[in-house]
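# Residue-level structure breakdown
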Amino acid sequence: MKHTFLFFILFLATYFAQAQGTQTIRGTVIEAETSSPLGFVVVRIYRDSSLISGTTSDLNGNYRFDKLPVGRYSLVANFAGYQPTVLRDIILGSGKEVILQIRMESSVQQTNEVVIEGNKAGETNNEMTSVSARQFSVEETDRYAGSRGDPARMASNFAGVQGADDSRNDIVVRGNSPMGVLWRFEGVDIPNPNHFAIEGTTGGPVGILNNKVLANSDFFTGAFPAEFGNGIAGAFDLRMRNGNNEKFEFTGQFGFLGTEINAEGPISKTRGSSFLINYRYSTLKLFEAMKIPIGTGAVPNYQDAAFRLNFPMKKGGTLAFFGVGGTSKIDIIVSKYTEPNDELYGEDSRDQYFRSGMGVTGVTYAKPVNENFYYRAVVAYSYRKSSAEHLLVYRDSTFAIDSITPKMGYMNSEGKLSANIYFVRKYGSRNTLKYGIFNDFYQNTLTDSIHSEVTYLFYNRQDYTGTSFLIQPYAQWKHKASDALVFNFGVHAQYFTLNGSKAIEPRAGLRWNFAERQTLSLGAGLHSQLLPSYIYYTHLPATTAPYALQNKNLDFMRSIHAVVGYDLLATKNLRFKVETYYQYLYNIPVDKKSSSFSALNQGTGFSRFFPDSLVNEGTGENYGVEFTAEKFFSNHYFVLVTASLFDATYKGSDGVKRNTDFNTKYAVNVLGAREFKIGEKQTIQLGAKLTLAGKRWYTPIDTAASRIESDEVLIDSLRNTKQFSSSYFRLDIKVNWRLNTKKLTHEVGLDLVNVTGRKNILGLTYSPDPANPQRDPVIEQYQLGFLPLFYYKVDF
């Protein structure tokens, strides 16, 4: 029986390897700014720099290449009056069609020249961008070792961006707190799109957004265009793709991070409507069964889903319904332990029960009225909720449980109704005006109480239900002096009805191709941001009502950005880039009384911060230089090297200039991959990533005060005056095997995170050992150790 089974497996493998598979690349060509379809565009397809075929788009902008052998391709589009456009590194498998939108930018100079070099890889979808921005593809989120298919972890490979904590996907942009990152999805600013999200953070251990439903999207690291507000550090502008409108396609995936299914296909083939749905459920129970450490003895549970329904309308309009959301829970029960255990996601002395969830759903309508005018409107509702209960666990000297008492509990929720619209109008080939407005109506409900081990009383910290509006109009203008010299000017405004905070934010940028393949970029602007909503609705701890909201009238945090960049395309596949920047942050909330506290140090980890009375009197400075060397994927390999040298400091109400929590001074990433072809249908890709970063700063713990409070108490006057002994080092390796059969594409992947098992220090924690009172209760807390992640995926 055993020999028969082995023979059967070998037979299938041989059959699959020999089966011939072809597939289709198709899509539409549109005007980049007004999204109107472009007919009669010449589209050519290349494989390994060799011309394979060519076609012309029809009146609706549609183009098509059928019966292509599986492999990697490039598309080149040329049209009189438009700049040549190149789409590179297109992976075609036998299991799915590839559907691509080609966006062509009008040219001041009339040309019919056929150019294979065209636009540079990484250029953004947003036509109003001058500097500090990059487009990323779904393929990139899978390609980079250690990225785990997560847009945030993928972005940490870019210059000026680094992760804050291996166990989470918070990102530090140019020394700023992750709290300053804006997430925009389908034109709507959304809540933290991560599982196990904590109030006041923008990251989490596992992302909710699944890369299988995303189209190519943009990421900004500074001086972003006027349409982006309520963010002072960086911004994601994420877009969903449409489902296949001609044939049904499916993807199944099983791995350590979840079991998921993706389905798409036509709703009506005659009308071109389509659906796209995705669902994932966690399978982290596998780690427990295989005794692989993930930083906690508990098993996290989560699930998420996404959908998009797309309906082409008459006269070029498009109506689409979309949604994405997820729920998560974890019960960290340390009272069940019979010996000390390191908890990365919790505290050694508490049982913790945590729940979180978020979701957004909406409808968009977009219409190119004519070749010079376009508008897009979206109405959406988003919701987020988190709750927790903590119980203190007291033990005797033998580690036996002495007692378990309530410590803290909370429930926070926020609903938001958004109604946004923007218009784009072109005035000839030189001038484009884009203007619009974001309208967000918030409804918040918060309850929170905590027990004091000094007074033995419960104190209420939150008890609020209320509403507010955030209104954000903007306008931006692009002027092309020539194809080589482009100016961008804009203004963004914000008004928050809760306390009357308002801001007028000018923005400006320039891109100048002053020599062949060389570009100089400039960008500057003022940026503002709300605080996490729960800060406005928190009151000083009290046992009885009424409660005074001491921070309700806090103004926006504000930041001035200035950036200068130089870009050299040395060859069609080799790019060098340097950017230098300066940011001045002001109106930063700090303690009313003299202290080192600043909101610039918040926004990471699994704990909320509850400050005293705050005032907008803090400041900060970030400046640095960033280097990027990128060899685009060609000749079966790619290499990306990024390096950042920076300084990030702040002043609290005590007036002392200090390092921020994120001021590691430098960060370096070296990553690459090599693809090996095995016959015509199989490929193996080997990739690696090396990350280096400077030593983290820390604040000494006051052990005497911590013992009294049964909680960690820091020495405020010594905040961030000490550095840990070692720098950050991590090596990741990624292996992928892909097999294309006649109608299926199989893929097996293994992502080996921190293969050397390096113990990178995360911070200090107060954790006394009842069995050994003489032991120092302050111990170092480490980030994730070695973590192997496996998945199997099939497209059909």
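Everything numeric in this text was worked out from a predicted model, so none of it was measured. (Residues numbered from 1 in each chain as written. Predicted model: local features only at pLDDT ≥ 70, side-chain atom pairs only at ≥ 80, totals over all residues. Heavy atoms only, no water.)

## Some thoughts on the sheet that holds strand β6 (residues 85–92)
If you trace the four strands from one edge of the open sheet to the other, you get β3-β2-β5-β6, paired in antiparallel fashion. The open sheet is flanked by β3 (50–56) and β6, the only strands paired with a single partner. When the angles between neighbouring strand axes are averaged without regard to direction, this sheet yields 25 degrees. The sheet contact formed by strand β2 (residues 42–47) and strand β5 (residues 71–78) spans five bridges and is antiparallel. Looking at the pairing, V43 lines up with A77 of β5. (Pairing = 2+ DSSP bridges. Helix = DSSP H or I, 4+ residues; strand = E, 2+ residues; numbered from the N terminus. Axes fitted to C-alpha atoms, helices over the stretch in contact; angles between N-to-C directions.)

## A look at empty space enclosed by the protein
Evaluated as defined, the whole model comprises ten cavities of 30 Å³ or more. By volume, the largest cavity amounts to about 700 Å³. Considering the residues around the largest cavity, the lining is formed by 38 residues, among which I190, P191, N192, R384 and E414 are closest to the centre. Those elements that provide at least two residues to the lining of the largest cavity are β11 (181–185), β22 (350–370), β23 (373–395), β24 (401–427), β25 (431–451), β26 (458–482) and α5 (533–536). (1 Å grid on protein atoms, 1.4 Å probe; cavity = no way out; pocket = protein on both sides within 12 Å on 5 of 7 lines; lining within 4 Å. Points joined across faces, edges and corners; volume = space filled by probe spheres on them.)

## Notes on the environment of Y422
By the secondary structure assignment, Y422 is in strand β24. In this structure the C-alpha to C-alpha distance between Y422 and A542, which are 120 residues apart in sequence, comes to 46 Å. Beyond its immediate stretch of four places on either side in the chain, Y422 contacts Y374, Y375, R376, K434, Y435, G436 and Y474. (Contact = heavy atoms within 4.5 Å.)

## Focus: the pairing of strand β19 (residues 273–281)
With nine bridges joining them, strand β18 (residues 258–268) and β19 adopt antiparallel strand pairing. If you follow E264 over to β19, its bridge partner there is L276. Linking two consecutive strands that pair antiparallel, namely β18 and β19, is a turn of four residues; a positive phi of about 80 degrees is found at G272 within it. For β19 and strand β20 (residues 301–312), the ladder comprises eight bridges, and the chain directions are antiparallel. The residue of β20 that forms the bridge with Y279 is A305.

## Digging into the packing of aromatic side chains
Applying the stated criterion across every chain yields a total of 33 aromatic pairs. Note on F220 and F228: the rings are 4.7 Å apart at their centroids and 45 degrees apart in plane angle, and the pair reads as tilted. Each member of the pair F220 and F228 is classed as buried. Measuring from centroid to centroid gives 4.1 Å for Y464 and Y537, while their planes differ by 10 degrees, and the two rings are stacked. Taken together, the residues span a long stretch of sequence, with Y464 in strand β26 and Y537 in the loop between α5 and β30 (538–542) at a distance of 73 residues. A relative accessible area of 16% means that Y464 is categorised as buried. Taken together, the ring pairs in this structure connect F136, F158, W183, F219 and F236 into an aromatic cluster. The ring of F373 carries the charged tip of R425 above its face, separated from the ring centre by 4.3 Å. The ring of F610 is capped by R461, whose NZ or CZ atom sits 3.8 Å from the centre of that ring. (Phe/Tyr/Trp six-rings, centres within 6.5 Å; stacked < 30°, edge-to-face > 60°. Buried < 20%, exposed > 50% of the residue type's maximum accessible area, 1.4 Å probe, protein only. Lys NZ or Arg CZ within 6 Å of the ring centre and 35° of its normal.)

## Let's talk about the pattern of salt bridges
Applying the stated criterion across every chain yields a total of 44 salt bridges. Between E630 and R134 there is a salt bridge, with the nearest N and O atoms lying 2.8 Å from each other. Of the two residues, E630 is situated in strand β33 (residues 614–634) and R134 in strand β8 (residues 133–136); the sequence distance between them amounts to 496 residues. Residues joined by salt bridges that share partners form a network here, namely E31, E33, E105, E127, K426, K478 and K480. (Salt bridge = Lys/Arg side-chain N within 4 Å of Asp/Glu carboxyl O.)

## So, unusual backbone geometry
Here the amide bond leading from A545 into P546 is cis, since omega sits at 5 degrees, within 30 degrees of zero. For P546, the position within the fold is in the loop between β30 and β31 (557–571). Notably, F40 is not glycine yet its phi reads approximately 65 degrees, a positive angle. Take F40: it is sitting in the loop between β1 (22–31) and β2. Given a relative accessible area of 56%, F40 falls into the exposed group. A positive phi angle, near 55 degrees, is found at R174, a position not held by glycine. Mapping R174 onto the fold places it in the loop between β10 (171–173) and β11.

None of this, on its own, says anything about what the molecule does.
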